[in-house]
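Residue-level listing of the chains:
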Amino acid sequence: MSLSITVSTDAAQDASVVAVSGEVDVSNADQLRSAIDTCLGEGAPAVVVDLSEVPYIDSTGIGVLVGAAHHAAEKNVRFEVARPQKNVARVLGLLGVSADLNVREA
């Protein structure tokens, strides 16, 4: 399954939204990193990564998210992972990174 990433602005949340669709793995995690880094570089006050269309994420993809959360914190940018599918949310919880990623279900 190919990866699709769309970046938009959500004025209500005052955030850049990175909507991801497809499986995130070692073969395409750099695309996700690049999209998030672009948002952080543009000075967005918040970055929300929407994983509602991601059925699978491997350790490389999770590492990208954790690294982005730390990078955002250094820049005083709010970082959230929104609406992960049940199995993705479970993996994030098992790895203990949900709090670091500010995971929100809705």
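Residues numbered from 1 in each chain as written. Predicted model: local features only at pLDDT ≥ 70, side-chain atom pairs only at ≥ 80, totals over all residues. Heavy atoms only, no water.

By the naming in an unreviewed UniProt entry, the protein chain goes by Anti-sigma factor antagonist and is assigned to Olsenella profusa. Under Sequence similarities (unreviewed entry), UniProt gives the following word-for-word description of the protein chain: "Belongs to the anti-sigma-factor antagonist family." (UniProt positions renumbered as here; feature names shortened; annotations may be inferred.)

### As for unusual backbone geometry
Despite not being glycine, aspartate 14 shows a phi value in the positive range, around 50°. Tracing the chain through its elements places aspartate 14 in the loop between strand E1 (4–10) and strand E2 (15–21). Phi is positive for asparagine 102, close to 50°, though the residue is something other than glycine. By the element assignment, asparagine 102 lies in the loop between helix H3 (86–95) and strand E5 (103–104). (Helix = DSSP H or I, 4+ residues; strand = E, 2+ residues; numbered from the N terminus.)

### A short note on the pairing of strand E4 (residues 78–82)
Along E4, 4 of the 5 residues are buried, which leaves the element largely enclosed by surrounding structure. For strand E3 (residues 46–53) and E4, the ladder comprises 5 bridges, and the chain directions are parallel. Looking across to E4, one finds that valine 47 is bridged to phenylalanine 79. Two elements, E4 and E5, share 2 bridges in a ladder whose sense is parallel. Bridged to valine 81 within E5 is valine 103. In this fold, the crossover linking E4 to E5 by way of H3 has right-handed handedness. (Buried < 20%, exposed > 50% of the residue type's maximum accessible area, 1.4 Å probe, protein only. Pairing = 2+ DSSP bridges. Right-handed = clockwise from strand over helix to strand, strands pointing away.)

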